[in-house]
Amino acid sequence: MDHSPPQRRGVVLILSSPSGAGKTTLTRMLLQDRDLDLTLSISVTTRPRRSSEVDGIHYRFINERQFVAMRNASELLEWAEVHGNFYGTPRAPVEAVLAQGRDCLFDIDYQGAQQVREKMGTDTVTVFVLPPSMKELRARLERRAEDSAEVIERRLENARKEIARWKDYDYVIVNDDLQRSFEDLIAILRAERQRRPRREHGIAAFVDRLLSE
Ligand code: 5GP
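Note that the structure is predicted; figures quoted are calculated from it, not measured. Sequence order as written defines the numbering, with residues in each chain counted from 1. The model is predicted, so local features are restricted to residues of pLDDT at least 70 and side-chain atom pairs to those at 80 or more, both for listing and for counting; the totals for chains, interfaces and linings are taken over all residues. For the side-chain quantities, the full set of heavy atoms in the structure was used; hydrogens and water were omitted.

A. A look at the sheet that holds strand β2 (residues 38-40). When DSSP finds at least two bridges between two strands, those strands are taken to pair. The helix and strand labels rest on DSSP assignments: H or I over at least four residues marks a helix, E over at least two residues marks a strand, and numbering proceeds from the N terminus. Sheet architecture is open: five strands sit in the order β2-β7-β1-β8-β9, paired in parallel fashion. Single-partner strands in this sheet number two, and they are β2 and β9 (171-174). The mean angle between the axes of side-by-side strands here comes to 25°, regardless of whether they run parallel or antiparallel. Direction of pairing for strand β1 (residues 12-16) relative to strand β8 (residues 124-130): parallel, over a ladder of five bridges. In the sheet register, leucine 13 faces β8, and the bridge partner there is valine 125. For every element, the axis is a line fit to its C-alpha atoms; helices are fit only across the contacting stretch, and the angle between N-to-C directions ranges from 0 to 180 degrees.

So this is what it looks like as structure tokens:
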């Protein structure tokens, strides 16, 4: 009898939150945990690069002409305008990861989450990360000190609109303790990996073999 683990469909794991709620840190923690074997979808954006960011790792930084060309060529799985800049998810890398039955992590906003769910259906799992308070959100944005005061104000204003979208999500995490939030995310991922529809194909073959023993 073949005891190799049954195949499954990859999880399309979307994290959304207003900037400053800790989502970027949580994303990094998830990616650093090798056992989780998550691949980050690297977005393209027309936003200027921050000094801490590396092209090709945090984003692919492109100009508006390049963005429009990608969008018109249907190379983007989803796209949105956020804080006056364009952001989009290149389709091909995501499809390559999922074709291997592996999971893909997305750090995108609610507009993107909605579009991905429309296209990827039940493979999509969405998590909204809330800040513990607006005061803490402002403090985190100011501590980061990478955006101008004007940009911070715009992001705070936007945060209120984004937070109002929490009901569109499958899971909601209040990030008042980073380690705890990280563990909650791992729990969500592990449970979602075991969902029957995601493993239907592999389990059916497994059960056939099991019952023929
Ligand atoms: P930031 O400029 O702080 O890196 O990101 C601003 C917002 O854009 C964040 O909420 C982030 O999740 C979202 N975002 C980043 N990449 C994408 C993308 O490819 N698509 C969409 N829809 N949103 C994105």
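B. The packing of helix α1 (residues 23-32) against helix α7 (residues 178-193), seen in detail. Contact pair α1 / α7: the axes reach a minimum separation of 10 Å and the direction vectors enclose 55°. Between α1 and α7, the angle is such that the two are oblique. Considering how the two elements wind past one another, α1 and α7 form a crossing that is right-handed. Where α1 abuts α7, its residues Thr25, Leu26, Met29 and Leu30 lie against Leu178, Gln179, Ser181, Phe182, Leu185 and Ile186. Three residue categories are used. Nonpolar comprises Ala, Val, Leu, Ile, Met, Phe, Trp, Tyr, Cys and Pro, charged comprises Asp, Glu, Lys and Arg, and polar comprises the others, including Gly. Here the residues of the contact of α1 with α7 sort into seven nonpolar, three polar and no charged. Orientation is classified from the angle alone, with under 35 degrees giving roughly parallel, over 145 giving roughly antiparallel, 65 to 115 giving roughly perpendicular, and any other angle giving oblique. Each crossing gets its hand from how the near helix is turned against the far one by less than a right angle, where anticlockwise is left-handed and clockwise is right-handed. Contact criterion: two residues are considered in contact whenever any of their non-hydrogen atoms come within 4.5 Å of each other.

C. Structural detail: the pairing of strand β7 (residues 103-107). Burial here depends on accessible area, computed with a 1.4 Å probe over protein chains only, as a share of the maximum for the residue type. Under 20% is buried, over 50% is exposed, and the range in between is partly exposed. With four of five residues buried, β7 lies mostly within the body of the structure. One ladder, built from four bridges, connects β1 with β7; its direction is parallel. Its bridge partner lying in β7, leucine 13 is registered against leucine 105. Taken together, the three bridges between β2 and β7 define a ladder with parallel strand orientation. In the strand pairing of β7, leucine 40 is matched with leucine 105.

D. The arrangement of α7 in detail. Helix length check: α7 (16 residues) gives 23 Å between terminal C-alpha atoms against 22 Å at 1.5 Å per residue, within 8%. By the burial criterion, the buried members of α7 are Ser181, Phe182, Leu185, Ile186, Ile188, Leu189, Glu192 and Arg193. Mapping the buried residues of α7 onto a view down its axis gives an arc of 160°, with all of them on the same face. With a side-chain oxygen positioned 3.1 Å from the backbone nitrogen of glutamine 179, the residue opening α7 is aspartate 177. For a helix, the expected span equals 1.5 Å multiplied by the residue count minus one. What the arc describes is the spread of directions from the helix axis to the C-beta atoms. In protein, a polar contact requires one atom able to donate a hydrogen and another able to accept it; more generally it is a pair of N or O atoms within 3.5 Å, and residues adjacent in sequence count only if both atoms are side-chain atoms.

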